[in-house]
Amino acid sequence: MADGPLLRALFRANLWASARLMPVLIGQCDFEAVLKWAPLQSSTPYRGLPSSYIVAAVNRTVRHPWLMRDRRCLREGLLAHRFLRLAGFDPDLRFGVDPKSMQAPSLAAHCWVCLDGRPVVSDSLPGMVEIYRHHAEAGKARAA
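Residues numbered from 1 in each chain as written. Predicted model: local features only at pLDDT ≥ 70, side-chain atom pairs only at ≥ 80, totals over all residues. Heavy atoms only, no water.

Asks: Tell me about the overall build of the chain, residues and numbers included.
Replies: Along the chain, the regular secondary structure elements total five helices and four strands. Among the 144 residues that make up the chain, the fraction classed as buried is 42%. In the chain, 67% of the contacts between residues at least 6 apart in sequence involve partners at least 24 apart. Accessible area of the chain: about 8,300 Å², with a carbon and sulfur share of 58%. (Helix = DSSP H or I, 4+ residues; strand = E, 2+ residues; numbered from the N terminus. Buried < 20%, exposed > 50% of the residue type's maximum accessible area, 1.4 Å probe, protein only. Contact = heavy atoms within 4.5 Å. Areas by Shrake-Rupley, 256 points an atom, 1.4 Å probe, with all protein chains shown as cover.)

Dropping the structure here:
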């Protein structure tokens, strides 16, 4: 489907609903269940939308979180990865931790989305060490 007003309206409605439902649906899920919100394989109903439009829409949709305030980067990252995949792009969702927080009561973690190796949603924070990359190539390697 070519980029047009109807496609953009459908995209915005789906993004809005997903952003509101996600905190409730993944609230107490484990990491594996949370990653199902960032599919490695998907149909492409939003093919034709530019990646910059998708990233800007995600950032605008999540800018005032009521839920998941303490996990804002996770919410942004999951939504951006999901909708970039639905538009036919091949993003990767990266996770990192701050090694200084390993002995602390609360682990300092962060996630961000890269497209063609460049961060498009958030970015690695200083001192973060990447510990996991959720990417379609990794999924193919795991399945083999």
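Asks: Residues and numbers for the packing of helix α1 (residues 5-26) against helix α4 (residues 72-86), please.
Replies: One way to put it is that α1 packs onto α4 with a least axis distance of 11 Å and a crossing angle of 135°. Judged on the interaxial angle alone, α4 and α1 are oblique. Remark: the crossing between α1 and α4 carries right-handed chirality. Residues F11, N14, L15, S18, A19, R20, M22, P23 and I26 of α1 lie in contact with α4, whose contacting residues are R75, L78, L79, R82 and F83. Per-class residue counts for the contact of α1 with α4 are nine nonpolar, two polar and three charged. (Axes fitted to C-alpha atoms, helices over the stretch in contact; angles between N-to-C directions. Parallel < 35°, antiparallel > 145°, perpendicular 65-115°, else oblique. Left-handed = near helix turned anticlockwise from the far one by under 90°. Nonpolar A, V, L, I, M, F, W, Y, C, P; charged D, E, K, R; others polar.)

Asks: Break down the pairing of strand β1 (residues 92-97) for me, with residues and values.
Replies: The side chains of a regular strand alternate, residue by residue, between the two faces of the sheet. Of all six residues in β1, six are buried; the element is thus mostly enclosed. Both faces of β1 are covered, namely the face carrying D92, R94 and G96 and the face carrying L93, F95 and V97. One ladder, built from six bridges, connects β1 with strand β2 (residues 109-115); its direction is antiparallel. When the bridges of β2 are listed, R94 appears paired with W112. Pairing of β1 with strand β4 (residues 129-134), which is carried by five bridges, proceeds in the antiparallel orientation. Paired with R94 across the strands is R133, a residue of β4. (Pairing = 2+ DSSP bridges.)

Asks: Which residues make up the sheet that holds β4, and what are the values?
Replies: Spatial ordering of the open sheet is given by β3-β2-β1-β4, a layout of four strands whose pairing is antiparallel. Because the sheet does not close on itself, it has two edges, and the strands there are β3 (118-121) and β4. Averaged over all adjacent pairs, the angle separating strand axes in this sheet is 40°, with direction ignored. Examined bridge by bridge, β2 and β3 share three bridges and lie antiparallel to one another. The partner of V113 across the bridge, within β3, is V121. Here α4 sits on the sheet and contacts β1, β2, β3 and β4; the angle it forms with β2, its principal contact strand, is near 25°.

Asks: Let's hear about the packing of aromatic side chains: which residues, and what values?
Replies: Tallying each qualifying case throughout the model produces seven aromatic pairs. With a centroid separation of 5.6 Å and an interplanar angle of 45°, the aromatic rings of F11 and Y53 are classed as tilted. With a gap of 42 residues between them, F11 in helix α1 and Y53 in helix α3 (residues 51-61) connect regions that are remote in the sequence. Members of the aromatic cluster, joined through ring pairs, are F11, Y46, Y53 and F83. Note that R8 overlies the ring of Y53, its terminal NZ or CZ placed 4.0 Å from the centroid. Above the plane of the ring of W37 lies R82, whose end atom (NZ or CZ) is 4.8 Å from the centre. (Phe/Tyr/Trp six-rings, centres within 6.5 Å; stacked < 30°, edge-to-face > 60°. Lys NZ or Arg CZ within 6 Å of the ring centre and 35° of its normal.)

This is a description of form; function is not addressed.
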